[in-house]
Amino acid sequence: MTVNPTPPGSGTAPKGPRPLWQRSALIMAAIAALLFVIEGIDAATNYRLDDAGIEPRQVDGLDGILWAPFLHADWQHLFANLIPGLVLGFLLLMSKRFIIVTAIVWVVSGLGVWLFAPPYSVTVGASGIIFGWLTYLLIRGLFNRDVWQILGGVVLFLIYGSVLWGVLPTDSGVSWQGHLFGAIGGVLAAWYLADRDRRRARKAGTPQPYPGVRS
């Protein structure tokens, strides 16, 4: 015999999963909280954590690729990255491509810094990842042949397009290498995911839409 734990009319129907936008907002809030905690510890230890950043062309500096995006030179550096990072990260989570895009951008940006940053420097900060998120969201519609994504990219460019000047070596204290290779990582991620999706669709026998038409 089966027993119904919630009799009809009890008004205690099981809750469904949170909407995607709520989950995305909560994840970005958790990431922001983590960055605040790390920066607080960093400041309390006279910014010794920053020594774990990327040291170019040093084998023992390769692990800085993993840690650098969690570290910032000071609170001003963190706040400069926080607002665009929260917005772009939220949009990326809404696209359900967050993990793989972030992974590609993280590696490409970090390796670019390790290979091309000035000698004896230590690079920290999440701006390389932010540049990758931005370029991915700007151009994914072109690779996906999706008119709505293209329009979304145009709107995003009008808001954040001026940020892309950061890929040029205009300030010796700013890692333009991280920005440039982060942006390249975003382009590579957009190309790779669009190509992977098309190959999967062909393998499954799913007809592809005409360019500019959303299926």
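Fair warning: this is a prediction, and the values are worked out from it, not measured in the lab.

K.L.:
Before we move on, could you go through the nonpolar core and cite the residues and values that matter?
P.N.:
In terms of nonpolar packing, the biggest core is built from 20 residues, with Leu 88, Leu 92, Val 101, Trp 133, Tyr 136 and Leu 156 touching the most fellow members. Breaking this core down by element, the ones donating at least two residues are α3 (75-94), α4 (98-116), α5 (127-144), α6 (147-160) and α7 (176-204). The element contributing the most residues to this core is α5, with 8 residues. Leaving out residues up to four positions away in the same chain, Leu 156 has contacts with Leu 88, Leu 91, Leu 134, Leu 137, Leu 138 and Gly 161. Counting residues in each nonpolar core, the second largest holds 6 residues, with Ile 65, Ala 68, Val 113 and Ala 117 among its members.

K.L.:
Explain α3 to me, using residue names and the numbers behind them.
P.N.:
In this model, α3 (20 residues) spans 28 Å end to end at C-alpha, consistent with the 28 Å of a helix rising 1.5 Å per residue. Bending of α3 peaks at approximately 30° at the position of Leu 82, with proline Pro 84 no more than four residues after it. Residues of α3 that are buried include every one of Leu 78, Asn 81, Leu 82, Pro 84, Gly 85, Leu 88, Gly 89, Leu 92 and Leu 93, and no others. In the core, the buried residues of α3 are packed alongside α1 (20-44), α4, α5 and α6. For α3, the N-terminal cap is Asp 74; the gap from its side-chain oxygen to the backbone nitrogen of Gln 76 is 3.2 Å. At the C-terminal side of α3, Lys 96 shows a positive phi close to 60°.

K.L.:
I'd like to hear about the packing of aromatic side chains, residue by residue, with values.
P.N.:
Think of a pair of aromatic rings as described by two things: how far the centres are apart, and how the planes are tilted against each other in angle. Counting across every chain of the model gives 6 aromatic pairs. Through a chain of ring-to-ring contacts, three or more aromatic side chains come together here, namely Phe 36, Trp 75 and Phe 79.

K.L.:
Would you mind going over the environment of Ala 117 in detail, with residue names and values included?
P.N.:
Looking at the secondary structure, you find Ala 117 in the loop between α4 and α5. Ala 117 has contacts with Pro 56, Arg 57, Gly 112, Thr 123 and Gln 177, leaving out every residue within four places of it along the chain.

K.L.:
Can you lay out unusual backbone geometry for me, pointing to particular residues and giving the numbers?
P.N.:
In this structure, Tyr 47 takes a positive phi of about 60° despite not being glycine. Positionally, Tyr 47 belongs in the loop between α1 and α2 (64-67). With relative accessibility at 26%, the residue Tyr 47 sits in the partly exposed group. In this model, Lys 96 sits at a positive phi of 60°, which is unusual for a non-glycine residue. Within the secondary structure layout, Lys 96 lies in the loop between α3 and α4.

K.L.:
How would you explain the pattern of salt bridges if you had to name every residue and give the values?
P.N.:
If charged atoms from side chains of opposite charge come close, those side chains can pair. What the rule picks out here adds up to 3 salt bridges. One salt bridge in this structure joins Arg 97 and Asp 197, with 2.3 Å as the shortest N-O distance. Residue Arg 97 is located in the loop between α3 and α4, and its partner Asp 197 is located in helix α7; the two are separated by 100 residues in the primary sequence. For Asp 195, the salt bridge identified is with Arg 199, shortest N-O distance 2.9 Å. Residue Asp 195 and its partner Arg 199 are located together in helix α7, separated by 4 residues, close to a single helical turn. Among the residues examined, Arg 199 registers a relative accessible area of 40% and is labelled partly exposed.

Rules and cut-offs
Residues numbered from 1 in each chain as written. Predicted model: local features only at pLDDT ≥ 70, side-chain atom pairs only at ≥ 80, totals over all residues. Heavy atoms only, no water. Core = buried A, V, L, I, M, F, W, Y, C linked by side-chain atoms within 4.5 Å. Buried < 20%, exposed > 50% of the residue type's maximum accessible area, 1.4 Å probe, protein only. Helix = DSSP H or I, 4+ residues; strand = E, 2+ residues; numbered from the N terminus. Contact = heavy atoms within 4.5 Å. Expected span 1.5 Å × (residues − 1). Bend = angle between axes of the 7 residues up to and from the residue. Polar contact = N/O pair within 3.5 Å; in protein donor to acceptor, adjacent residues only side chain to side chain. Phe/Tyr/Trp six-rings, centres within 6.5 Å; stacked < 30°, edge-to-face > 60°. Salt bridge = Lys/Arg side-chain N within 4 Å of Asp/Glu carboxyl O.

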